[in-house]
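Listed below are the residues making up each chain.
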Amino acid sequence: MYIALRLVLLICVSLWLTFIINHKNYDYVLNKTLLSIHTNLKTSKLTSVLPEAVESMLIQNQRGPLQELLDRNYSIFALVVTDCRTDALYCPDQKVLMTTSPNLLVRKLPARENLVNYPFILLRLPVPADASRSQAPRPIIGRLYTISTMPESFADDYQEWLKDPFGDYSLWKTYLTTTVNSLVAALLVWVILELFIKIKLIQGRAALERERILIANADKYLRRMEDKEAQIAEQEKASYAQFEVLIGRIKELEATLHHDREQQLAAEAIIHSIEQEWQAQVVQFREQLEQTGREKAALLSEVTRYRSASGKEKEEASRTLTNAISTPFENALEREIRETLGSATKAKSGAWRVLHQVDVAVGKEVSRFIDSVVISKDCITVIEAKNYSGRIFADGDVENTAWHCQPGNRTAVAIKASWGVNPYHQVREYVMTLMNVVNTRGSWRLPVYGVIVFPGGADLSGVGERLGKFYRVTSSDRLIATLDNIEAEARRENAHTKRPQPLQVEELVLGRRTVKNTAKLAAR
């Protein structure tokens, strides 16, 4: 409805401007061109050459040449020849002998009785060549009326043109050209205006969608913080109950051995040590609760600031909120990886798109958060950080047995994995899930690699640096070099396939575009 209304408004404005321009055209032609020509013809040809030619052709009955002569200047004036043989102003009985062809004129010729309102020239018999000169007037044989074809006013001329817009009249052709150009210009302005409005609407919808996604992520992380608070509180309660049981048992032992002073002192020392340990854990739990509360309050503050920001402030608030969402759950190695990837040359140039804490769970599955994802035009790389320093080794087969870490001469500890029996199982599950997301949402067949990252200086000889074709194990100080090698390998193996831009793949992974739109972008 509004589109049609804007079109009608522009057409009305163009027609109004056309009317003003045509009025100026009319004034110019009438006052400066046609009026001058009309005056010159009237003062010269009509008073000398034209009357003599009409007299000669009329006497010799040359109707064809006479008609051509009468039609010659139809666009300026029309001519009417009558048989009136008197020089009186009124000649009611005169008959019209010949006129300018009516089909050439844009207006009808006046009726015979109205010719008295127009100027005329008397037509006379020519003087015989052998006749002696005398002062006697030559006999009158008729009249030549001159009727101006110039319009009396612009309004009359414009009304006549509207009745026949394609009439063969120079001024009317100017009217038509001006009107057509104005309407075409109005149509072009309308198309450009609608395109501009459409682009603004698309940008506005995209901004609202980004805002919705950001707020949803903020809400999700707030819920995670609340769950963490509840988990810490439950751990504190369980620890307190466990210490109460231990202290009770030791007190029973103390009552049993009260005769043995040495055992009593040992029991008291044990009780004192356990109480100190419990108090230390209580302090630690309290500090964790306070830290979580501060992080939650800071995140709530950033969410409030983002919702109330506008313009450039909203962009800054968006970046701050994104950082606030991502950093509370990172360990030291994850922060190091974030900083390493963020400072990489390819990330700064846009050749890499780097995402952190990406949830690739499908449907109603439990959330699966990938530490980091690096997207290039040749491949996608899943990065899983394992903050275990020392010698890394497996119980047996690297791909199917548990992994352990031995820091120095201390006892080896098992390396935890949130999926499967080792980090390889975990990163493989993330790779397969992300590959399914990409294949389901888009039409590209990008290779997806997995990289398990340990702190710099870790001894990886016990597991190796390459697990099959698509999986790597590396340390944080060699992460960028490993990613470059993976990208080069993917580029060689997929040299002849159509590859999307990294930003397109990022939007697809985050679910910001439909499959149809993504396919269109790839076609471009």
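Up top is the structure these notes are about.
Residues numbered from 1 in each chain as written. Predicted model: local features only at pLDDT ≥ 70, side-chain atom pairs only at ≥ 80, totals over all residues. Heavy atoms only, no water.

Caption draft 1: Fine view of the pattern of salt bridges. Tallying each qualifying case throughout the model produces 16 salt bridges. Its salt-bridge partner being Arg491, residue Asp378 comes within 3.3 Å of it at the nearest N-O pair. Highlighted residues: Asp378 in the loop between strand E6 (369-375) and strand E7 (380-385) and Arg491 in helix H11 (residues 479-493), separated in sequence by 113 residues. We classify Asp378 as buried; its relative accessible area is 1%. With a closest N to O distance of 3.7 Å, Glu384 and Lys386 form a salt bridge. Each member of the pair, Glu384 as well as Lys386, is classed as buried. (Salt bridge = Lys/Arg side-chain N within 4 Å of Asp/Glu carboxyl O. Helix = DSSP H or I, 4+ residues; strand = E, 2+ residues; numbered from the N terminus. Buried < 20%, exposed > 50% of the residue type's maximum accessible area, 1.4 Å probe, protein only.)

Caption draft 2: How the structure looks around the sheet that holds strand E1 (residues 77-82). Taken together, the four strands give an open sheet; going across it, the order is E2-E1-E4-E3, and neighbouring strands pair in antiparallel fashion. Where the open sheet ends on each side, the last strands, each with one partner, are strand E2 (96-99) and strand E3 (120-124). The average undirected angle you get between the axes of adjacent strands in this sheet is 25 degrees. In this sheet, strand E4 (residues 140-148) lies alongside E3 in antiparallel orientation, the contact comprising five bridges. Note on E4: the bridge partner recorded for Leu122 is Arg143. (Pairing = 2+ DSSP bridges. Axes fitted to C-alpha atoms, helices over the stretch in contact; angles between N-to-C directions.)

Caption draft 3: Looking closely at the side chain of Ser182. Its location among the elements puts Ser182 in helix H5 (residues 170-256). Overall, Ser182 belongs to the buried group, its relative accessible area being 15%. Dropping the residues within four chain positions of it, Ser182 is found in contact with Ser14 and Thr18. (Contact = heavy atoms within 4.5 Å.)

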